[in-house]
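Coordinate inspection notes
As a plain string of letters, each chain reads:
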Amino acid sequence: MNYALEKIEAICCKKGITKYKLAKQAQIPYTTLTNMFKKDTMPTLPTLQKICEGLDITMSQFFLEDESRVDLTEKQKELLLLWDDLPGDLQSRVIGYLEGLKER
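Residues numbered from 1 in each chain as written. Predicted model: local features only at pLDDT ≥ 70, side-chain atom pairs only at ≥ 80, totals over all residues. Heavy atoms only, no water.

Considerations on the packing of aromatic side chains
Here the structure, examined in full by the defined rule, presents 4 aromatic pairs. Arranged with centres 5.6 Å apart and planes meeting at 65 degrees, the rings of Y20 and Y30 form a pair that is edge-to-face. Of the two residues, Y20 is situated in helix α2 (residues 19-26) and Y30 in helix α3 (residues 30-39); the sequence distance between them amounts to 10 residues. (Phe/Tyr/Trp six-rings, centres within 6.5 Å; stacked < 30°, edge-to-face > 60°. Helix = DSSP H or I, 4+ residues; strand = E, 2+ residues; numbered from the N terminus.)

Overview of the pattern of salt bridges
Summed over all chains, the structure comprises 2 salt bridges. The shortest N-O distance in the salt bridge between E9 and K19 comes to 3.3 Å. Of the two residues, E9 sits in helix α1 (residues 3-15) while K19 sits in helix α2, which places them 10 residues apart along the sequence. Using a relative accessible area of 29% as the deciding quantity, one classes K19 as partly exposed. In this structure, the salt-bridge partner of E78 is K75, at a minimum N-O distance of 3.9 Å. On the criterion of helical spacing, the pair formed by E78 and K75 is a turn pair, its members being 3 residues apart in helix α6 (residues 74-84). Residue classification places E78 among the partly exposed residues on the basis of a relative accessible area of 42%. Exposure remark for K75: the relative accessible area of 60% places this residue in the exposed category. (Salt bridge = Lys/Arg side-chain N within 4 Å of Asp/Glu carboxyl O. Buried < 20%, exposed > 50% of the residue type's maximum accessible area, 1.4 Å probe, protein only.)

What follows is the structure in structure tokens.
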């Protein structure tokens with residue numbers, strides 16, 4: 001299986017998202033997604049962008065390897081790991097909370 005498909009599958013597994021749910025969230029036909037996996041084909045860039053949006057990540061996050069976070073402090077790494085595990089609605093709440101703290 002190619003890198004992109006392996007990564008999509010790993011992120012789905014980590015977030016507990018089925019391929020069907022991903023297709024709905026990414027607003028792409030389910031058959032498009034399943035055909036990519038059946039035929040082991042790379043998604044096009046527009047399709048990958050939609051998949052990333054469905055996974056609630058950026059394309060740069062998709063291609064980011066854990067090793068490239070070496071310039072972060074331990075606290076920053078800890079925050080990012082916690083952040084990655086939050087669903088999108090909770091991420092929005094956290095941002096609002098942090099913005100409120102910043103205004104004090």
